[in-house]
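Observations on chain architecture
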Amino acid sequence: MPILYSFRRCPYAMRARLGLAASGVAVELREVVLRDKPTAFLSASPSATVPCLVAGSQVIDESFDIMTWALAQSDPEGWLEMPEAGHSWITEADGPFKHALDRTKYATRYPGEDPEDHRAVAHAFLARLDEQIDTWIFDRPTLADYAILPFVRQFAFIDKARFDAEDWPALQGWLERFLTSDRFSGIMTKYPQWVDGDPVTLFP
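Described below are features of the structure shown in this document. These figures come from a predicted structure and were not determined experimentally.

A few words on the overall build of the protein. Looking only at helices and strands, one finds nine helices and five strands in the protein. Counting only C-alpha atoms and orienting by the principal axes, one finds that the protein spans roughly 50 × 40 × 25 Å. Residue pairs in contact within the protein that sit at least 24 positions apart in sequence constitute 70% of those at least 6 positions apart. Counting only carbon and sulfur atoms, one obtains 50% of the accessible surface of the protein, whose full area is about 9,800 Å². Considering the protein, the positive charge centre built from 20 side chains and the negative charge centre built from 30 side chains are found 6 Å apart.

Encoded structure:
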């Protein structure tokens, strides 16, 4: 059975779990505590970051690649059947938006950079995303929605009141539906730290 090294609150790990949950592909979930990484995880992950999927001799330690790997096995909701523009949205979310998000949320790590300048970059992306969304980014849920939602969630909770005060009704509704969905609650179950020898925990 494939093994997924995960960390509950990491948006990249959330993204991987979303892809696996949608696919229905079962994995052994191992919850990693980042300050106390297990030897098996360090041996498996070239980058020593979560998420990391070990499937036989194959090791995948990029969250988007884990999503597409899972959906290539089974895609009952048709997430992979999205317009080509979906890949552009994901690339921008993973690049300029995430760059700005980090420098807004973790401003003390980036001395000499103005977090408000980075917030403005993030806001520009979110404003365009708001214009794109009706109920979903396209006419139904696709990979783009679930690849991007964990990072919009992370940005929103930097200052939720400020996020909610913005004029982004479609974006805010899209995020709220995600946060109150069974799918979100299903990937956010709390698991104890994995230790070698623990019983197998199946996900989803």
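On we go from here.
Moving on, we get to the environment of R30. Following the sequence through the fold, R30 ends up in strand β2 (residues 27-31). Residues R30 and F41, spaced 11 residues apart in sequence, show a C-alpha to C-alpha distance of 9.0 Å. Setting aside anything within four residues of it in sequence, one finds R30 in contact with I3, L4, Y5, S6, A40 and W194.

Disulfide: a covalent bond connecting the sulfur atoms of a pair of cysteines. Inspection of every chain in the model, using the stated rule, returns zero disulfides. With no disulfide of its own, C10 lies closest to C52 among cysteine sulfurs, the gap being 12 Å.

Before going further, it helps to examine the packing of aromatic side chains. On inspection of all chains with the given rule, the structure shows 11 aromatic pairs. Judged by centre distance (6.2 Å) and plane angle (65 degrees), the ring pair of Y146 and F178 falls under edge-to-face. Residue Y146 is found in helix α6 (residues 143-156), and its partner F178 is found in helix α8 (residues 169-179); the two are separated by 32 residues along the sequence. For Y146, a relative accessible area of 8% corresponds to the buried category. Note on F163 and W168: the rings are 5.5 Å apart at their centroids and 65 degrees apart in plane angle, and the pair reads as edge-to-face. Like W168, F163 is buried. The ring centre of F157 lies 5.5 Å from the NZ or CZ of K160, which sits over that ring. In this structure, R183 packs its charged tip against the face of Y146, placed 5.9 Å from the ring centre.

Definitions and limits used
- Residues numbered from 1 in each chain as written.
- Predicted model: local features only at pLDDT ≥ 70, side-chain atom pairs only at ≥ 80, totals over all residues.
- Heavy atoms only, no water.
- Helix = DSSP H or I, 4+ residues; strand = E, 2+ residues; numbered from the N terminus.
- Contact = heavy atoms within 4.5 Å.
- Areas by Shrake-Rupley, 256 points an atom, 1.4 Å probe, with all protein chains shown as cover.
- Lys, Arg positive; Asp, Glu negative; His and termini not counted.
- Charge placed at Lys NZ, Arg CZ, Asp CG, Glu CD.
- Disulfide = S-S within 2.5 Å.
- Phe/Tyr/Trp six-rings, centres within 6.5 Å; stacked < 30°, edge-to-face > 60°.
- Buried < 20%, exposed > 50% of the residue type's maximum accessible area, 1.4 Å probe, protein only.
- Lys NZ or Arg CZ within 6 Å of the ring centre and 35° of its normal.

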